[in-house]
Amino acid sequence: QQQVKQSPQSLIVQKGGISIINCAYENTAFDYFPWYQQFPGKGPALLIAIRPDVSEKKEGRFTISFNKSAKQFSLHIMDSQPGDSATYFCAARDTDKLIFGTGTRLQVFP
Amino acid sequence: GAGVSQTPSNKVTEKGKYVELRCDPISGHTALYWYRQSLGQGPEFLIYFQGTGAADDSGLPNDRFFAVRPEGSVSTLKIQRTERGDSAVYLCASSLRQGTEDEQYFGPGTRLTVT
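Described in the following lines is the structure provided in the data block. Everything numeric in this text was worked out from a predicted model, so none of it was measured. (Residues numbered from 1 in each chain as written. Chains lettered and ligands numbered in written order. Predicted model: local features only at pLDDT ≥ 70, side-chain atom pairs only at ≥ 80, totals over all residues. Heavy atoms only, no water.)

1. Some remarks on the state of the cysteines
Residue and element names in this part refer to chain A. In the structure shown here, the tally under the stated rule is 2 disulfides over all chains. The disulfide that involves C23 links it to C90, with 1.9 Å between the sulfurs. On the sign convention where negative means left-handed, the S-S torsion of about -95° between C23 and C90 marks this disulfide as left-handed. Taken as a pair, C23 in strand 3 (residues 19-25) and C90 in strand 9 (residues 86-94) lie far apart in primary sequence, 67 residues in all. (Disulfide = S-S within 2.5 Å. Helix = DSSP H or I, 4+ residues; strand = E, 2+ residues; numbered from the N terminus.)

Right under this line is the structure:
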């Protein structure tokens with residue numbers, strides 16, 4: 001199964017709050033899990049990525065939590081800002097190609 | 001340095017016509033990828049080049065789609081006999097593919113509309 005399942009489809013968060021986006025996968029051969037941020041009319045931009053031998057990675061306000069046994073990973077955005085309003089995609093690498101989730105539209109209100 | 005660039009940014013064509021979409025990867029990146037993104041969806045893999053050769057073309061939907069990268073840098077995605085269902089944003093990405101370094105950097109995309 002090549003799918004990466006992402007939830008929620010949309011998310012509304014107050015400024016300063018925590019945004020949490022979840023993804024799940026089935027293929028244990030996936031070896032790299034990036035998160036991308038996409039603004040309207042732009043291409044996806046790499047935000048943060050993790051490999052399956054690590055359970056957590058933090059870069060600034062962004063943290064990936066990875067649960068290998070459950071085949072789940074999540075993105076946490078701390079102190080969410082209006083400028084974070086965008087669509088977020090999780091992805092998983094299969095040999096050379098990325099398999100993307102369906103995206104989460106995040107809106108952060110002041 | 002310059003990122004991945006794609007031209008044109010928008011292309012409107014009539015059903016049945018032939019189109020070419022161009023991608024200029026980041027200088028020095030040996031790997032190049034094409035993806036297609038339909039409205040409200042995540043990007044879907046089409047084809048991957050390592051150097052001049054197509055290492056994986058398993059995502060091309062049918063034989064109307066073809067891509068080349070003759071000198072290992074610029075790539076062109078070619079679509080013959082376009083159909084309305086081909087309307088989407090076509091994204092190009094490139095990466096270094098050295099050791100564990102494999103971040104894919106995306107261009108802004110070409111929005112293709114088939115009328």
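2. Details of the side chain of Q37(A)
Residue and element names in this part refer to chain A. With respect to the secondary-structure elements, Q37 resides in strand 4 (residues 33-38). We classify Q37 as buried; its relative accessible area is 13%. Side-chain polar atoms of Q37 contact the side chain of Y88, separated by 2.9 Å. Setting aside anything within four residues of it in sequence, one finds Q37 in contact with G43, P44, A45, L47, D84, A86, T87 and Y88. (Buried < 20%, exposed > 50% of the residue type's maximum accessible area, 1.4 Å probe, protein only. Polar contact = N/O pair within 3.5 Å; in protein donor to acceptor, adjacent residues only side chain to side chain. Contact = heavy atoms within 4.5 Å.)

3. As for the sheet that holds strand 3 of chain A
Residues and elements named next belong to chain A. With antiparallel pairing, 5 strands are arranged side by side in an open sheet as 1-3-8-7-6. Every other strand in the sheet has two partners, leaving strand 1 (4-7) and strand 6 (56-59) as the edge strands with one partner each. Taking the axes of each pair of neighbouring strands and ignoring which way they run, one obtains an average angle of 15° across the sheet. Pairing analysis gives 6 bridges linking strand 3 to strand 8 (residues 72-77), with the strands arranged antiparallel. Residue pairing across strands places I20 opposite H76, the latter belonging to strand 8. (Pairing = 2+ DSSP bridges. Axes fitted to C-alpha atoms, helices over the stretch in contact; angles between N-to-C directions.)

4. What about the nonpolar core?
Counting residues in each nonpolar core, the largest one holds 25 residues, and the members touching the most others are V4(A), F33(A), W35(A), F73(A), L75(A) and Y88(A). Contributing elements (two or more residues each) for this core: strand 2 (10-14), strand 3, strand 4, strand 5 (45-50), strand 7 (62-67), strand 8, strand 9 and strand 11 (104-109) of chain A. Examining the composition of this core, we find that 4 residues originate from one element, strand 9 of chain A, more than from any other. Core analysis: the second largest hydrophobic core is formed by 20 residues, L21(B), L46(B), A67(B) and L77(B) among them. (Core = buried A, V, L, I, M, F, W, Y, C linked by side-chain atoms within 4.5 Å.)

From the geometry alone we can't say anything about function, so treat these as descriptive.
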